[in-house]
Amino acid sequence: MEKVLRVYETWGYERLETPSFEYADALGKFLPDQDRPNEGVIALEDDAGKWKSMRYDLTAPLARFAAQNWDSLPKPFRRCAAGPVWRNEKPGPGRYREFWQCDADCVGSARPEADAEAIAMGAAAVEAAGVPRGLYVVNVSNRKLLDGLLAKIGVDVADTATRLGVLRAVDKLDRLGPEGVELLLGAGRKDESGDFTKGAGLGANAIGQVMAFTSTRKATRLETLAALEAVVGDTALGAEGVAELGAIDATLRALDVFEDRAFFDPAIVRGLEYYTGPVFEAELLPGTLDEMGSKVRFGSIGSGGRKDELVMRFRGERAPAPGFSLGVSRLVA
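This section reports on the structure supplied with the text. Just so we're clear, the structure is a prediction, and the values are computed from it rather than from any experiment. (Residues numbered from 1 in each chain as written. Predicted model: local features only at pLDDT ≥ 70, side-chain atom pairs only at ≥ 80, totals over all residues. Heavy atoms only, no water.)

Thoughts on the packing of helix H5 (residues 143-152) against helix H6 (residues 160-171)
Now for step 1: For the pair H5 and H6, the least separation of the axes is 11 Å and the interaxial angle reads 125 degrees. On the basis of their axis angle, the class for H5 and H6 is oblique. Helix-helix and strand crossings are classified by hand; for H5 and H6 the assignment is right-handed. Every residue of H6 that contacts H5 at Arg-143, Leu-146, Asp-147 and Leu-150 is listed here: Arg-163, Val-166 and Leu-167.
Now for step 2: Its residues assigned to classes, the contact of H5 with H6 comprises four nonpolar, no polar and three charged. (Axes fitted to C-alpha atoms, helices over the stretch in contact; angles between N-to-C directions. Helix = DSSP H or I, 4+ residues; strand = E, 2+ residues; numbered from the N terminus. Parallel < 35°, antiparallel > 145°, perpendicular 65-115°, else oblique. Left-handed = near helix turned anticlockwise from the far one by under 90°. Contact = heavy atoms within 4.5 Å. Nonpolar A, V, L, I, M, F, W, Y, C, P; charged D, E, K, R; others polar.)

Structure representation (structure tokens):
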């Protein structure tokens, strides 16, 4: 953690600790991968009837701090921290209800160069933690691409169930493959145990367009941008997402971060209620063995993205905030 924090500091981020407890309404409806407010947090009610929650990440408390001290903070405000967080969800390989994160967030810059900075810094942090170059990659996408795709296939913004169904199906591409995703985009899929998962209910034409979107990852970032332009470039949000990724690519190249460290993967889906633009996920490429000797693919060891609406909940104005978080417990495991 100290090595990672020193990397963050060399990029201009200053250390700031925030409390382990926050009022539940300060955390808000921003828990990644959950559909309901405060689902998955560990909370208690005090004698005054106010709910306090243990922090589920280091970013939500930062948003509260930034809003309280906005007028006196430098812009952008770059902050880094390491500490434990808690989530009331099912544990898994390398996943615990209490675990450590090592974060860096930049509050106050809307420029795509700030996203590129977070990606390049995240790659440097992973290497500082002991992962050699070539054994990891930072996969990058943009939520606007998916939003543009959903608009193109006629999924209404208010149709939350269908939207989440599509996004969750796309998110399972690595695990289920194209055939499994197609089933989940349609009527649904029955797994090996016989359990049936209801699908998003899309028609054949819409399913074809979604599958075309998932296959836009190419050998280089520039080729991926060209493929995305062909699939979603004719929508306003899609064109905006492609343009932002283009600016990120140019900055990453200027920082000598090439395809061996950062790749564009449009099928990356993170934090359905959390991120507003670019998203990224640091992936550990080799597999490992669990305590039973079975092969385990750990996958993500860090993640991040742009969260432009966190501070806005407190101040009523947008405060762009890209950042990167290294999952310490997961990486150690």
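Moving on from the coordinates now.
A look at the environment of Glu-127
Now for step 1: Residue position: Glu-127 is located in helix H4 (residues 112-128).
Now for step 2: You can call Glu-127 partly exposed: its relative accessible area is 23%.
Now for step 3: Considered as a pair, Glu-127 and Ala-169 are 42 residues apart in the sequence and their alpha carbons are 31 Å apart.
Now for step 4: If we ignore the near neighbours within four places in the chain, the residues touching Glu-127 are Arg-133, Tyr-136 and Arg-261.
Now for step 5: Within the structure, Glu-127 has its side chain in polar contact with the side chain of Tyr-136 (distance 2.4 Å).
Now for step 6: At 3.2 Å, the side chain of Glu-127 and the side chain of Arg-261 are in polar contact. (Buried < 20%, exposed > 50% of the residue type's maximum accessible area, 1.4 Å probe, protein only. Polar contact = N/O pair within 3.5 Å; in protein donor to acceptor, adjacent residues only side chain to side chain.)

Focus: the packing of H5 against helix H8 (residues 204-214)
Now for step 1: Running from N to C, H5 and H8 point in directions that differ by 160 degrees, and their axes come no closer than 10 Å. By the angle between their axes, H5 is roughly antiparallel relative to H8. Where H5 crosses over H8, the handedness of that crossing is right-handed. Contact residues: H5 offers Leu-145, Leu-146, Leu-149 and Lys-152, while H8 offers Gln-209, Val-210 and Phe-213.
Now for step 2: A class-by-class count of the residues in the contact of H5 with H8 yields five nonpolar, one polar and one charged.

Concerning the nonpolar core
Now for step 1: Counting residues in each nonpolar core, the largest one holds 62 residues, and the members touching the most others are Tyr-8, Val-138, Leu-185 and Leu-202.
Now for step 2: Counting residues per element, this core draws most heavily on H4, which supplies eight residues.
Now for step 3: Residue contacts for Val-138: discarding those within four places in its chain leaves Ile-119, Ala-123, Arg-261, Ala-262, Phe-263, Phe-280, Glu-281 and Ala-282.
Now for step 4: Formed by 14 residues, the second largest nonpolar core is a distinct cluster that contains Leu-16, Phe-65, Phe-77 and Ala-321. (Core = buried A, V, L, I, M, F, W, Y, C linked by side-chain atoms within 4.5 Å.)

Side note on the pattern of salt bridges
Now for step 1: All told, the structure shown has 25 salt bridges when counted by the stated rule.
Now for step 2: When the shortest N-O distance is used, the salt bridge between Arg-64 and Glu-22 registers 2.7 Å. Of this pair, Arg-64 sits in helix H3 (residues 59-68) while Glu-22 sits in strand E2 (residues 21-23); the two residues are 42 residues apart in sequence, bridging distant segments of the chain. For the pair Arg-64 and Glu-22, one class covers both residues: buried.
Now for step 3: A network of salt bridges, in which partner residues are shared, links Glu-2, Arg-6, Glu-9 and Arg-15. (Salt bridge = Lys/Arg side-chain N within 4 Å of Asp/Glu carboxyl O.)

Describing the pairing of strand E5 (residues 77-86)
Now for step 1: In terms of residue burial, E5 counts as a mostly covered element, since eight of its ten residues are buried.
Now for step 2: Pairing of strand E1 (residues 14-15) with E5 involves two bridges; the strand directions are parallel. In the sheet register, Glu-14 faces E5, and the bridge partner there is Arg-79.
Now for step 3: Both E5 and strand E6 (residues 98-107) contribute to a ladder of ten bridges, which runs antiparallel. Looking at E6, one finds that Ala-81 is bridged to Asp-103. (Pairing = 2+ DSSP bridges.)

Notes on the packing of aromatic side chains
Now for step 1: Under the criterion given, the structure shown has one aromatic pair.
Now for step 2: Measuring from centroid to centroid gives 6.2 Å for Phe-65 and Phe-77, while their planes differ by 35 degrees, and the two rings are tilted. Of this pair, Phe-65 sits in helix H3 while Phe-77 sits in strand E5, and the two are twelve residues apart along the sequence.
Now for step 3: On the accessibility criterion, Phe-77 (4% relative accessible area) is buried.
Now for step 4: Between Lys-50 and the ring centre of Tyr-23, over which it is positioned, the NZ or CZ distance is 4.3 Å.
Now for step 5: For Arg-221, the ring lying beneath its charged end belongs to Phe-264, and the centroid distance is 5.8 Å. (Phe/Tyr/Trp six-rings, centres within 6.5 Å; stacked < 30°, edge-to-face > 60°. Lys NZ or Arg CZ within 6 Å of the ring centre and 35° of its normal.)

Some details on the sheet that holds E2
Now for step 1: Here three strands make up an open sheet; going across it, the order is E2-E4-E3 and the pairing antiparallel. Strand pairing shows two members of the sheet lacking a second neighbour, E2 and strand E3 (43-45), which therefore form its edges. Within the sheet, the average angular offset between the axes of one strand and its neighbour, ignoring direction, is 30 degrees.
Now for step 2: Bridge count between E3 and strand E4 (residues 51-54): three bridges; the pairing is antiparallel. Among the inter-strand pairings, Leu-44 is bridged to a residue of E4, identified as Lys-52.

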